[in-house]
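Notes for the structure review
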Amino acid sequence: MKKIIVFYCFSLLIGCNSSTSQNSNRNNLDVSQTKSIYIDLENNEVNLSSFKGKKILINFWATWCGPCIQEMPSLLRAQEQLKSEYVFLLVSEESTQRISRFKSRKKFKFNYIRSRVSLASIGIYSLPITIIYDEEGKEIKTIEGSVVWDSKRMIKQLKAI
């Protein structure tokens with residue numbers, strides 16, 4: 001019975017990862033191929049290719065993911081520091097109503113969008129996970145797990161992309 005409980009707890013921890021790494025097994029999310037999978041909270045289509053010319057930071061998260069929420073204050077501060085270079089998008093597969101309630105309750109000023117497809121279908125298997133695209137829409141970096149986004153080191157890395 002102890003082994004089952006330990007296995008169950010370990011499985012839960014994997015689902016909401018808190019480490020940083022590159023993930024080469026995830027499907028590549030080409031900006032030009034994501035035209036119809038995202039919508040904003042008013043159900044308008046979000047076309048990522050419309051952001052060409054700016055770097056894009058897409059953070060995949062969920063309202064139930066503790067590490068996702070824990071990193072949001074530093075992500076918000078990084079967004080403020082990098083607003084002239086980056087577009088920050090927070091993507092969840094949860095309902096627009098649930099995301100909207102979270103947005104109202106937490107007061108984080110992000111551009112929240114919803115994935116119309118399951119995150120697993122696009123190769124996202126743990127949360128949070130962040131994908132960074134260059135100005136041409138090419139995927140440059142994938143970061144798994146919670147990050148201190150406004151640290152000097154991270155800001156320097158993001159500016160160097």
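First, a word on scope: everything that follows refers to the structure included in this document. (Residues numbered from 1 in each chain as written. Predicted model: local features only at pLDDT ≥ 70, side-chain atom pairs only at ≥ 80, totals over all residues. Heavy atoms only, no water.)

1. So, the pattern of salt bridges
The criterion, for reference: We define a salt bridge as a side-chain nitrogen of Lys or Arg found within 4 Å of a carboxyl oxygen belonging to Asp or Glu. Each helix is a run of DSSP H or I of at least 4 residues and each strand a run of E of at least 2, with the numbering of both proceeding from the N terminus. Accessible area is worked out with a 1.4 Å probe on protein chains only. A residue is then buried under 20% of its type maximum, exposed over 50%, and partly exposed in between.
Scanning the model with the defined rule gives five salt bridges in all. As a salt-bridge pair, E45 and R116 come within 3.5 Å of each other at their nearest N and O atoms. Of this pair, E45 sits in strand β2 (residues 45-46) while R116 sits in the loop between β5 (111-115) and β6 (129-133), and the two are 71 residues apart along the sequence. A salt bridge links E85 to K55; its shortest N-O distance comes to 3.6 Å. Taken together, the positions of E85 in the loop between α2 (66-82) and β4 (86-92) and K55 in strand β3 (residues 55-60) put the pair 30 residues apart, joining distant regions of the chain. What makes K55 buried here is its relative accessible area of 5%.

2. Regarding the packing of α2 against helix α4 (residues 152-160)
As a reminder, the rule being used: Structural elements are reduced to axes, namely lines fitted to C-alpha atoms, with helices fitted over the stretch in contact, and the angle between N-to-C directions of any two is expressed from 0 to 180 degrees. An angle below 35 degrees is read as roughly parallel, one above 145 as roughly antiparallel, one from 65 to 115 as roughly perpendicular, and any other as oblique. In this scheme, a crossing is called left-handed if the near helix is turned counterclockwise away from the far one by less than a right angle; it is called right-handed if the turn is clockwise. In what follows, residue pairs with any heavy atoms lying within 4.5 Å of each other are defined as contacts. Three categories are distinguished: nonpolar for Ala, Val, Leu, Ile, Met, Phe, Trp, Tyr, Cys and Pro, charged for Asp, Glu, Lys and Arg, and polar for the others, with Gly belonging to the last.
Orientation of α2 relative to α4, taken along the N-to-C sense of each, is 45°, at an axis distance of 11 Å. Judged on the interaxial angle alone, α4 and α2 are oblique. The chirality of how α2 crosses α4 is right-handed. Here A78, Q81 and L82 of α2 lie close against α4, whose contacting residues are I155, L158 and K159. Residues that form the contact of α2 with α4 fall into these classes: four nonpolar, one polar and one charged.

3. A look at the sheet that holds β6
Test applied: Note on pairing: DSSP must find at least two bridges between two strands before they are called paired.
Spatial strand order, β2-β1-β5-β4-β3-β6-β7: seven strands in an open sheet with mixed pairing. At either end of the open sheet lies a strand with only one pairing partner, and these are β2 and β7 (139-144). Alignment of β3 against β4, held across six bridges, turns out to be parallel. When the bridges of β4 are listed, F60 appears paired with V91. Contacting β3 and β4, α2 runs over the sheet at an angle of about 160° to β4.

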